[in-house]
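Each chain is listed here by its residues.
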Amino acid sequence: MEGQEGDIVINKRFVTESELEERRKKRQEEWEKVRKPEDPEECPEEVHDPRTLYEKLQEQKEKKQQEYEEQFKFKNMVRGLDEDESNFLDEVSRKQELLEKQRREEEKKELNEFRISFHKAHWEHKKKDAEKKPLTKPPDNKNKFSQSKLLAGAVRHKRFVQDLFNHLKTCLLANF
């Protein structure tokens, strides 16, 4: 049995002429099914690529790498702005600044209007409160000595006698 399995493997490596004819007939039959009137009557031969799998994969890898580099090649190219473009960008910048300035001025105006109306309302409220309160007479200060004058007498200085004299003098003058 071992000899038979080895023969099968060896036989599969080699293709006979009759097997090739059978494959061509099958391909021709399939071709007849899908063939269009403008296509040739005989099916095209299978393209045989004698390169190794490594060579084929390497070629595909190189193609993908080239496509990738080509895709980003233009993105990396940087050029300067010409005069028209820079003028346009300057104009856009000026317009944005004007809009921002107008918005700030409008905001400031509204804020001032709010403050004015708030102060008016505040003063009107104070006036109403003042009208509601009865007028009271300020208390009569029979004692016309201010706190600072009273404290001045409590502090003792070297010239105590002279200060006492001045204090009495002002008290007497205030009573007349």
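Everything numeric in this text was worked out from a predicted model, so none of it was measured. (Residues numbered from 1 in each chain as written. Predicted model: local features only at pLDDT ≥ 70, side-chain atom pairs only at ≥ 80, totals over all residues. Heavy atoms only, no water.)

Colleague: Can you help me understand the overall build of the chain in this one?
Modeller: Across its full length, the chain holds six helices and zero strands. Total accessible area on the chain stands at roughly 18,400 Å², and carbon and sulfur atoms take up 55% of it. (Helix = DSSP H or I, 4+ residues; strand = E, 2+ residues; numbered from the N terminus. Areas by Shrake-Rupley, 256 points an atom, 1.4 Å probe, with all protein chains shown as cover.)

Colleague: Mind showing me how you'd approach the packing of aromatic side chains here?
Modeller: Summed over the entire model, instances satisfying the criterion amount to one aromatic pair. Residues Phe114 and Phe118 carry aromatic rings whose centres are separated by 6.3 Å and whose planes lie at 25 degrees to one another, so their mutual orientation is stacked. In this pair, Phe114 and Phe118 both sit in helix α4 (residues 83-132), four residues apart, roughly one turn of the helix. (Phe/Tyr/Trp six-rings, centres within 6.5 Å; stacked < 30°, edge-to-face > 60°.)

Colleague: Looking at this model, I keep getting lost on the pattern of salt bridges. Mind explaining?
Modeller: Pairing between side chains of opposite charge can happen when the charged atoms of each approach one another. With the rule as written, the count across this model stands at six salt bridges. In this structure, the salt-bridge partner of Glu91 is Arg94, at a minimum N-O distance of 2.9 Å. A residue pair is termed a helical-turn pair when its members lie 3 or 4 positions apart in one helix, as Glu91 and Arg94 do in helix α4 at three residues. Here Glu100 ties to Arg103 by a salt bridge, and the two come within 2.3 Å at their closest N and O atoms. With a gap of three residues between them, Glu100 and Arg103 both fall in helix α4, about one helical turn apart. Of the residues examined, Arg103 reaches a relative accessible area of 41% and is grouped as partly exposed. When salt bridges with common partners are traced through the structure, they connect Arg51, Glu59 and Lys63 into a single cluster. (Salt bridge = Lys/Arg side-chain N within 4 Å of Asp/Glu carboxyl O. Buried < 20%, exposed > 50% of the residue type's maximum accessible area, 1.4 Å probe, protein only.)

Colleague: In this structure, what is going on with the confidence of the model for the chain? I would like to understand it.
Modeller: In low-pLDDT segments, the atomic positions of the prediction should not be examined closely. Here the chain averages 77 in pLDDT, and 76% of its residues register 70 or above. Residue range residues 5-9 is modelled with pLDDT below 50. Its contacts to residues more than four positions away, or to other chains, number zero contacts. (pLDDT = per-residue confidence, 0-100. Contact = heavy atoms within 4.5 Å.)

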